[in-house]
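Next come the chains, spelled out residue by residue.
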Amino acid sequence: QVQLVESGGGLVQAGGSLRLSCAASGRTGSGRTFSSYTMGWFRQAPGKEREFVADISWSGGSTRYADSVKGRFTISRDNAKNTVFLQMSSLKPEDTAVYYCETYTTPAYWGQGTQVTVSS
């Protein structure tokens, strides 16, 4: 069983920055460890569907971003610390949401989320 704990959210003014962390522990049902699978960040705003933000391959060599965050957010990972990060800059009020990290495994695992609120 994989456990994910997100942290780093908070209240920030538009134009500000936050760095989210997602710490993983445990193994998948098939025995896979953190360093073997892709990780993603997703977010869900009130009244809206969950949306993709960014993901990063197991090695960190490949990353993808939603168009809405490209150039402002950076995803990274530290496999030695079983942690994935999301550096968010130039934040906008529309970035306000609960942010979740998720494993790209079957089944997938995700954490409880961390709230990000951007005031205008």
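What counts as what
Residues numbered from 1 in each chain as written. Predicted model: local features only at pLDDT ≥ 70, side-chain atom pairs only at ≥ 80, totals over all residues. Heavy atoms only, no water. Pairing = 2+ DSSP bridges. Helix = DSSP H or I, 4+ residues; strand = E, 2+ residues; numbered from the N terminus. Axes fitted to C-alpha atoms, helices over the stretch in contact; angles between N-to-C directions. Disulfide = S-S within 2.5 Å. Buried < 20%, exposed > 50% of the residue type's maximum accessible area, 1.4 Å probe, protein only.

**Side note on the sheet that holds strand β7 (residues 73–78)**
Spatial strand order, β1-β3-β8-β7: four strands in an open sheet with antiparallel pairing. At either margin of the open sheet sits one strand with a lone partner, and together these are β1 (3–7) and β7. Neighbour-to-neighbour, the strand axes of the sheet open up by a mean angle of 15°, direction not taken into account. One ladder, built from six bridges, connects strand β3 (residues 18–25) with strand β8 (residues 83–88); its direction is antiparallel. Pairing of Leu20 across the sheet is with Leu86, part of β8.

**Remarks on the state of the cysteines**
Inspection of every chain in the model, using the stated rule, returns one disulfide. The partner cysteine of Cys22 in its disulfide is Cys101, sulfur to sulfur 2.0 Å. Sign of the S-S torsion, about 60° for the bond between Cys22 and Cys101, identifies this disulfide as right-handed. On the criterion of sequence distance, the pair formed by Cys22 in strand β3 and Cys101 in strand β9 (residues 97–103) is long-range, its members being 79 residues apart. A relative accessible area of 0% places Cys22 in the buried class.

Interpretation note: all reported values are geometric properties and have no functional meaning in isolation.
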